[in-house]
Amino acid sequence: MSIRVEHLGFSYGNREILHDLSFEVPDGCLVNVLGPNGVGKSTLFRCILGLNQRYSGRILVNGKDVRELSIRQRAREISYIPQTHAPVYDYEVLDVVLMATGSSMKVLWNPGCEQRKRAYEALERVGIEQFAHRLYTRLSGGEQQLVLIARALAQDARTIVMDEPTSALDYGNTVRVLSRIRQLAREGLSIVQSTHNPDHAFLYADKTLVLRSGGLEAYGDPREVVTSDLVSRIYGVDVEVSSLYGDKVRVCVPVHEITACGRENRGSERT
Ligand SMILES: Nc1ncnc2c1ncn2[C@@H]1O[C@H](COP(=O)(O)OP(=O)(O)OP(=O)(O)O)[C@@H](O)[C@H]1O
C-alpha cells in the first residue's frame, strides 16, 4: 500500500480542518483529489508529506509511519510537486533536477556520475532531455512543470504528491502534462494530485477522493464518485454529468448556464 491514512485530524489553532479522515492509496494508483477552495487539500498533502506534524491519527507511506522518518528517509519514500511557484535563480534544467538527488548523498558531497545519470534518465522519462542545458527560468509554464515532474522522478521515491500540477497551464499543456502523469502511474508510481477540474477524474484518475468541509465526502471509482449530485453539492452550482463517445468519457456541464445563455442570446437577437 502506497499511502494509508488512519483517522487523520488536523487543526490550525482552534480551527479544525480535517476530521477523522481515513483512506488508502494502492501501489501504482493515480488518485485525484477534489474539493472546493479552502477545504483542506493542501493541508492533507502537508500532513502526508510530514510538513504538518501536529496531526492526530496515523499516516503510513509505503508502510512507514511518516512521523518516525527523518527528512532524508521521507525524501526516499515520497516526493512533492508544489502549486505554481516563481523561480528565482537562473539554474540549468539539469541542475534543477539534480537538486532532488541529495537524499542519496552525504553532507557536502557534490552530485557525481550516478546522480547525473539519474537526472538525465528522469528527463528522458518525461520526454524533455533536450531541455537539459537550457535555463529553467526561460522555459514556458508547461515545460517548467515537466521539469518539476522529472525532478520528482530523480528523487527516486515511489510515491508522488502533486498540488494542482496544471493550474497555471493552457489547455494543450494541461493535456500533455496529465497524460504524462497517467503514463508514470501506469509504469508503477503512486500519484496523488489535486485538481479543480472534476472532468479530469474521468480521463486521468484511477480513483477520486472528494473532501468536504472537515472530512471525506467520497472515495472510489471516478464514475461512481463524480456524479451530477456530488459535483453540484460540493461546488454549489447546478451540474449535469454527460457521457460522450459511447460513455468512454464523461464531462461536467453547468446546465443552468445553458438556459441562461440561450435566454441572453434570444435577448440580443431582439435588440
Ligand atoms: N498556515 C495556516 N494557518 C492558518 N490557517 C491556514 C493555514 N494554511 C491554510 N489555512 C486555512 O486552512 C484552510 C484549508 O487550506 P488549504 O490550503 O489546505 O485548502 P485547499 O483545499 O488546498 O484550498 P485551495 O483549493 O484554495 O488551494 C483554509 O481555510 C486556509 O485559509
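- The protein chain goes by ABC transporter in an unreviewed UniProt entry, where it is assigned to Berryella intestinalis.

### Looking at the site of the ligand
Piece 1. Near the ligand, the surroundings consist of 14 residues, among which Asn37, Gly38, Lys41, Ser42 and Thr43 are the closest.
Piece 2. One of the side-chain N or O atoms of Ser42 is found 2.9 Å from an oxygen atom in the ligand.
Piece 3. Of all elements in the fold, only strand E2 (15-25) and helix H1 (41-48) reach the threshold of two or more residues within the shell around the ligand.
Piece 4. With three residues, the top contributor of residues to the shell around the ligand is H1.
Piece 5. Its residues assigned to classes, the shell around the ligand shows four nonpolar, seven polar and three charged.

### Things to note about the pattern of salt bridges
Piece 1. Per the stated rule, a full pass over the model turns up 12 salt bridges.
Piece 2. Glu77 is the salt-bridge partner of Lys64, the closest N and O atoms lying 2.6 Å from each other. With a gap of 13 residues between them, Lys64 in strand E5 (residues 64-65) and Glu77 in helix H2 (residues 71-77) connect regions that are remote in the sequence.
Piece 3. The exposure class assigned to Lys64 is partly exposed, which follows from its relative accessible area of 35%.

### A word on the nonpolar core
Piece 1. Formed by 36 residues in total, the largest nonpolar core has its most connected members in Val97, Leu123, Val147, Ile149, Ile160, Ile181 and Ile191.
Piece 2. Going through the elements one at a time, helix H3 (93-98), helix H4 (113-126), helix H5 (141-154), strand E7 (159-162) and helix H6 (171-186) are the ones with two or more residues in this core.
Piece 3. In terms of residue count, H5 provides more of this core than any other element does, eight residues in total.
Piece 4. Beyond its immediate sequence surroundings of up to four residues, Ile191 is in contact with Cys29, Leu30, Val31, Ile160, Met162, Ile181, Leu184 and Ala185.
Piece 5. Listed in part, the 27 residues of the second largest apolar core include Leu18, Phe23, Ile78 and Leu211.

### A short note on H6
Piece 1. In this model, H6 (16 residues) spans 23 Å end to end at C-alpha, consistent with the 22 Å of a helix rising 1.5 Å per residue.
Piece 2. Looking only at H6, the buried set comprises Asn173, Thr174, Val177, Leu178, Ile181, Leu184 and Ala185. Buried residues of H6 fall within an arc of 125° about the axis and therefore sit on the same side. Away from the buried face of H6 by more than 90 degrees, exposed residues Tyr171 and Arg176 are located.
Piece 3. Turning to H6, the residues buried within the fold contact strand E3 (30-34), H4, H5, E7, strand E8 (190-194) and helix H7 (200-204).
Piece 4. In the stretch just after H6, Gly188 is the one whose phi turns positive, near 120°.

Rules behind the numbers
- Residues numbered from 1 in each chain as written.
- Predicted model: local features only at pLDDT ≥ 70, side-chain atom pairs only at ≥ 80, totals over all residues.
- Heavy atoms only, no water.
- Near = heavy atom within 4 Å.
- Polar contact = N/O pair within 3.5 Å; in protein donor to acceptor, adjacent residues only side chain to side chain.
- Helix = DSSP H or I, 4+ residues; strand = E, 2+ residues; numbered from the N terminus.
- Nonpolar A, V, L, I, M, F, W, Y, C, P; charged D, E, K, R; others polar.
- Salt bridge = Lys/Arg side-chain N within 4 Å of Asp/Glu carboxyl O.
- Buried < 20%, exposed > 50% of the residue type's maximum accessible area, 1.4 Å probe, protein only.
- Core = buried A, V, L, I, M, F, W, Y, C linked by side-chain atoms within 4.5 Å.
- Contact = heavy atoms within 4.5 Å.
- Expected span 1.5 Å × (residues − 1).
- Arc of directions from axis to C-beta.

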